[in-house]
Amino acid sequence: MTSVDRDTVRAVSDLPVAERRDDAWRMLMAGPEPARMADGLAVTSLAAVKAVLREPNRFSAKKAFDAVETGYPLIPLAFDPPEQTRYRRILQPFFGPRRIRALEESLRAQAIDLVEAVQARGGCDFVADIAVPFPAQALLSLLGLPLEDRDRFIESKNAALELTADAAGELTLTDEERAARVAQTMALGGYLTTLIETRRTRPGDDVLSEILSIDGDDRLSDTEAMGVCLMLVLAGLETVTDALSLAMERLATHPERRRELADDPSLVPAAVEELLRLDPPAPFLPRVTTEDVEIAGCPVPAGTLVNTHLTTANRDETCWPRPHDIDFHRPDNPHTSFGVGVHRCLGTHLARLEMQLLFEEWHRRIPEYAIAEGTSHRARLVRANIGMESLRLTIPTA
């Protein structure tokens, strides 16, 4: 199955994630629990992952995110209760199903435009042409911003993420490249600062205006509002991009599943859940212990980094028969890909809507497609996100 000995795995980067991510997660599952890694512990079973994520005061998200340099707190992602509880209570109504569904007509039209442009060309790089622009446009729509700002929004987001990867040693930038990324990140900060000021004084018909109009004890300061915006940009855009790219790579390499969606569009919601189960775009969630604890009977001291691996939790055969197979007909699919407990992803409903709309409109127009011959389709793991580097697809002409 693999040429890598499990005993030599000291970090996720030691696993064959790029070309054989299914083998990589099998190898991780084959190890002890918790598995000792170079940067802390890896928790891999469904039961242990849920146990850790459901105790935020013993396994801290805030301590894990303290090392992430953004200049502003990522709200509510990088907080623990009770602060996280307050932020979640304030923000949750603006990201609920009814509110997000109001975007459906606009987002569907945008998905159609992107797909038809690809169809007319007879091929694409799905990552660059679909998976990157569509989530950016969705966020701009949510914030009531012009779609013309999309490309500079994406460039600034990429610059900020590359700086964090550089700081973590996962990417090496030259001094000149680093200075350019800093300038782009500062431009994003300026853009969002101006946006917040504008929405405070001249509110529009958008989610951010409504959030900023809250008065009393729940009123968010400008710093808190910036933290919310950065969370949406840095945590929201990249995860949906990665989820779309990983899901499409699965479909392109499993033509029988692709044909299922083309033949029966009603399967798309179930397919989205199954593809997310197999490929969480955030494959592990970091936590830091705040006290001495036990994990699966193993003593763990306070201050230990614990990475909860959603990829392996989602392949627990006690919950999912044939867990490594793609099955769009599972009667239940309680995957952990959006997180577990109080930190469950705030943007769950928006991410689901984006993926469902895109796959509906794509398969309605492009039922036949394949990975372009001679091109690679490698996944890349940067910080705690995994997605496809590129995914070149060919579309048969009539």
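Above this text you will find the structure in question.
Let us look at the structure shown here. (Residues numbered from 1 in each chain as written. Predicted model: local features only at pLDDT ≥ 70, side-chain atom pairs only at ≥ 80, totals over all residues. Heavy atoms only, no water.)

## A few points about the nonpolar core
Nonpolar side chains in soluble globular proteins tend to be buried together. Grouped together as the largest cluster of nonpolar side chains are 104 residues, with contacts concentrated most on F126, M248, L358, F359, W362 and L393. A48, V293, A313 and V340 belong to the second largest nonpolar core, which has 18 residues in total. (Core = buried A, V, L, I, M, F, W, Y, C linked by side-chain atoms within 4.5 Å. Buried < 20%, exposed > 50% of the residue type's maximum accessible area, 1.4 Å probe, protein only.)

## Section: the packing of aromatic side chains
One pass over the structure, following the stated rule, counts 4 aromatic pairs. Measuring from ring centre to ring centre gives 5.2 Å for F79 and Y87, while their planes differ by 65°; the resulting arrangement is edge-to-face. When the ring of F126 is compared with that of W362, the centres are 5.5 Å apart and the planes differ by 80°; the resulting orientation is edge-to-face. Taken together, the residues F126 in helix α7 (residues 126-131) and W362 in helix α16 (residues 348-365) connect sequence positions 236 residues apart. By the burial criterion, F126 is buried, and W362 matches it. Through a chain of ring-to-ring contacts, three or more aromatic side chains come together here, namely F126, W362 and Y369. (Phe/Tyr/Trp six-rings, centres within 6.5 Å; stacked < 30°, edge-to-face > 60°. Helix = DSSP H or I, 4+ residues; strand = E, 2+ residues; numbered from the N terminus.)

## Here we look at helix α9 (residues 150-167)
Helix length check: α9, at 18 residues, gives a terminal C-alpha distance of 26 Å against a target of 26 Å (1.5 Å per residue), a fit within 8%. Looking at α9, one finds that the buried residues are F153, I154, S156, K157, A159, A160, L163, T164, A165 and D166. (Expected span 1.5 Å × (residues − 1).)

## Things to note about the pairing of strand β10 (residues 379-382)
Relative to strand β11 (residues 385-388), β10 runs antiparallel, the two sharing 4 bridges. Across the sheet, the residue bridging to V382 is N385, located in β11. Between β10 and β11, which pair antiparallel one after the other, the connecting turn spans 2 residues, and R383 there sits at a positive phi close to 50°. (Pairing = 2+ DSSP bridges.)

## Overview of the pattern of salt bridges
Scanning all chains against the criterion turns up 40 salt bridges. Note that R150 is salt-bridged to D151, the shortest N-O span being 3.0 Å. We classify R150 as partly exposed; its relative accessible area is 21%. You can call D151 partly exposed: its relative accessible area is 43%. The partner of E274 in a salt bridge is R277, with the nearest N and O atoms 2.9 Å apart. In this pair, E274 and R277 both sit in helix α14 (residues 268-278), 3 residues apart, roughly one turn of the helix. (Salt bridge = Lys/Arg side-chain N within 4 Å of Asp/Glu carboxyl O.)

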